[in-house]
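Now for the letters of each chain:
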Amino acid sequence: MERKNAWAKYDEAGMEKIEAFAKKYCAFLDHGKTERECVAQAVKAAQDAGFMDLRQATKEGRQLVAGDRVYVNWMNKSFMSFIVGREPLETGMNILGAHIDSPRLDVKQNPLYEEADLAYLDTHYYGGIKKYQWVAQPLALHGVLCKKDGSTVTVAIGEDAADPVFYITDLLPHLAQEQMTKTAAKVIEGEELNLVIGGMPVKDGDEDKASVTAGVLAILKDRYGVEEEDFLSAELEIVPAGKARDVGFDRSMIISYGHDDRVCAYPSMQAVLDFEGVPAYTVCAILTDKEEIGSVGATGMNSRFFENVVAEFADLAGAKGDLALRRVLANSRMLSSDVSAGFDPNFAGAFEKKNAAFLGRGVCFNKYTGSRGKSGSNDANAEYVAQLRRILDDADVAFQTCELGRVDLGGGGTIAYMCAKYGMNVIDAGVAVLSMHAPYEVISKVDLYEAYRCYCTFLKDAKPL
Ligand code: MN
Ligand code: MN
């Protein structure tokens, strides 16, 4: 059974809505190249929409009632928002969960060195990348340096047209005879991902010899008030420089860094912000960190931060105590909102066409992901999938079902199984991406819009099974 292309559903007015949503999404991408930048935007949007800080509500000893809107900023790297529903919280929530970290290069703790009159920062890649894709292009530096005095310096260098950018070299083809015989995994190796950050030797005080690092450090001190030692307590991320742009004569697609998973995170966040009135069941959006390295750490989905935040929220919203919390979680419905591999005719052999996601055919559901016989996957319940089919068909949302590539070719995982451990119904629902995990990925605007419509419908209409 083949699913229809979703563009056909839309008249001119519909096309305008798709374009308007795509524009807002591109602005989110351009100002959200790191998890921290995404959280900063989410917090601002929540506050502007009248959401209250959950910690503040706790401090004031408030009781939350139907219609109340709250958010949580977790360590500046994860974010959650809620709207209290009419039904008792123990009947479960309708939850959207996406991640806001993306594959990139992180600056090492002791990164600065000089070689051949050039200054460099040493990097350690984050997430699953093809290392050879990250050389010979303009790169930007985003992140924070936390100083001993408790202050934090935030940087984003390389995005403004007036900013400098940074660069990782590749070998010229003239001298690449040996390099070109290597496998793709070895063409550029991890320790060769060294970022060029300067090339002008400067005299350091009384010393005889000039050095490039001395010049760079003087600029860092002068402009940002940081010392070399401050790299020890920094989180600096190297990402492609530049903005999201339209792709194709028909402008039907968007090229950008970080569609995985901001193309699901943005509509998830927005679906809660845009929710009108009081939901039947409490709605919740999670924007989480560290998915690309296994959802580890205190801001990843494997952390108990999610459960702890829900416990705090439930306590104020009338579901007090451990058993009540367990019921809230077990009775919830969730869309683990993450991207899927778009069918690519250039690499058709990597897919099984009947069960592949196609660009333009709407939001895609992965009942299971995993590898080697569904290992590590969540495998959603058929009863739950049936409910989703019904509410999406009723709302005329275009959706497709898919697997992540052909059987036994590879695989992947999402946050779905981590939420399933509470006993709730979860399924992966997201947007098809071309060239996933490349510095620049491509998505279709209509899929973005159908994902948003899917998330809005889900928050409104999903029910306990
Ligand atoms: Mn993802
Ligand atoms: Mn990913």
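Residues numbered from 1 in each chain as written. Chains lettered and ligands numbered in written order. Predicted model: local features only at pLDDT ≥ 70, side-chain atom pairs only at ≥ 80, totals over all residues. Heavy atoms only, no water.

(A) Structural detail: the overall build of the protein. The secondary structure content of the protein amounts to eleven helices and 22 strands. Computed over the C-alpha atoms, the radius of gyration of the protein is 23 Å, within 12% of the 23 Å expected from 2.2 N^0.38 for a compact globule of 465 residues. Overall, the C-alpha framework of the protein stretches about 75 × 55 × 45 Å when taken along its three principal axes. Relative to all contacts within the protein whose residues are 6 or more apart in sequence, the contacts with residues 24 or more apart total 77%. Of note, the protein has its 51 positive side-chain charges centred 6 Å away from the centre of its 68 negative side-chain charges. (Helix = DSSP H or I, 4+ residues; strand = E, 2+ residues; numbered from the N terminus. Rg over C-alpha atoms; globule rule 2.2 N^0.38 Å. Contact = heavy atoms within 4.5 Å. Lys, Arg positive; Asp, Glu negative; His and termini not counted. Charge placed at Lys NZ, Arg CZ, Asp CG, Glu CD.)

(B) Spatial organisation of the coordination of the manganese ion (ligand 1). Donor atoms from the polypeptide that coordinate the manganese ion (ligand 1) comprise His99 (NE2), Asp260 (OD), Asp338 (OD) and Asp338 (OD), at 2.2 to 2.6 Å from the metal. Here the donor residues of the manganese ion (ligand 1) share one chain and are spaced in sequence as H-x160-D-x77-D. Distance-wise, the manganese ion (ligand 2) is placed 3.3 Å from the manganese ion (ligand 1), both being coordinated by Asp260. With Asp260 in helix H6 (residues 259-273) and Asp338 in the loop between strand E16 (333-336) and strand E17 (340-341), the pair connects residues that are 78 residues apart, well separated along the chain. Looking at Asp260, the relative accessible area reads 3%, which means it is buried. (Donors = N, O, S within 2.8 Å, 3.2 Å for Na, K, Ca; no water. Buried < 20%, exposed > 50% of the residue type's maximum accessible area, 1.4 Å probe, protein only.)

(C) Fine view of the sheet that holds strand E8 (residues 152-157). Read across the open sheet, the six strands follow the order E8-E7-E12-E5-E6-E9; overall the sheet is antiparallel. With one partner strand each, in any of the chains shown, E8 and strand E9 (194-198) form the two edges of the open sheet. Taking the axes of each pair of neighbouring strands and ignoring which way they run, one obtains an average angle of 30° across the sheet. Alignment of strand E7 (residues 139-146) against E8, held across six bridges, turns out to be antiparallel. When the sheet's bridge partners are listed, Val144 is paired in E8 with Thr154. Sheet strands in contact with helix H5 (residues 212-224) are strand E5 (104-115), strand E6 (118-126), E8 and E9, and its direction is about 125° off that of E5. (Pairing = 2+ DSSP bridges. Axes fitted to C-alpha atoms, helices over the stretch in contact; angles between N-to-C directions.)

(D) View of the state of the cysteines. A complete count under the given rule lists zero disulfides for this structure. Just so you know, Cys402 is unpaired, no disulfide at all, and the nearest cysteine sulfur is the one on Cys364, 4.2 Å from it. (Disulfide = S-S within 2.5 Å.)

(E) Just the environment of His31, in detail. Along the chain, the position of His31 falls in the loop between helix H1 (12-30) and helix H2 (35-48). If we skip the residues at most four places from it in the chain, His31 touches Glu37 and Gln41. Of the polar contacts made by the side chain of His31, one reaches the backbone oxygen of Ala27; its length is 2.9 Å. (Polar contact = N/O pair within 3.5 Å; in protein donor to acceptor, adjacent residues only side chain to side chain.)

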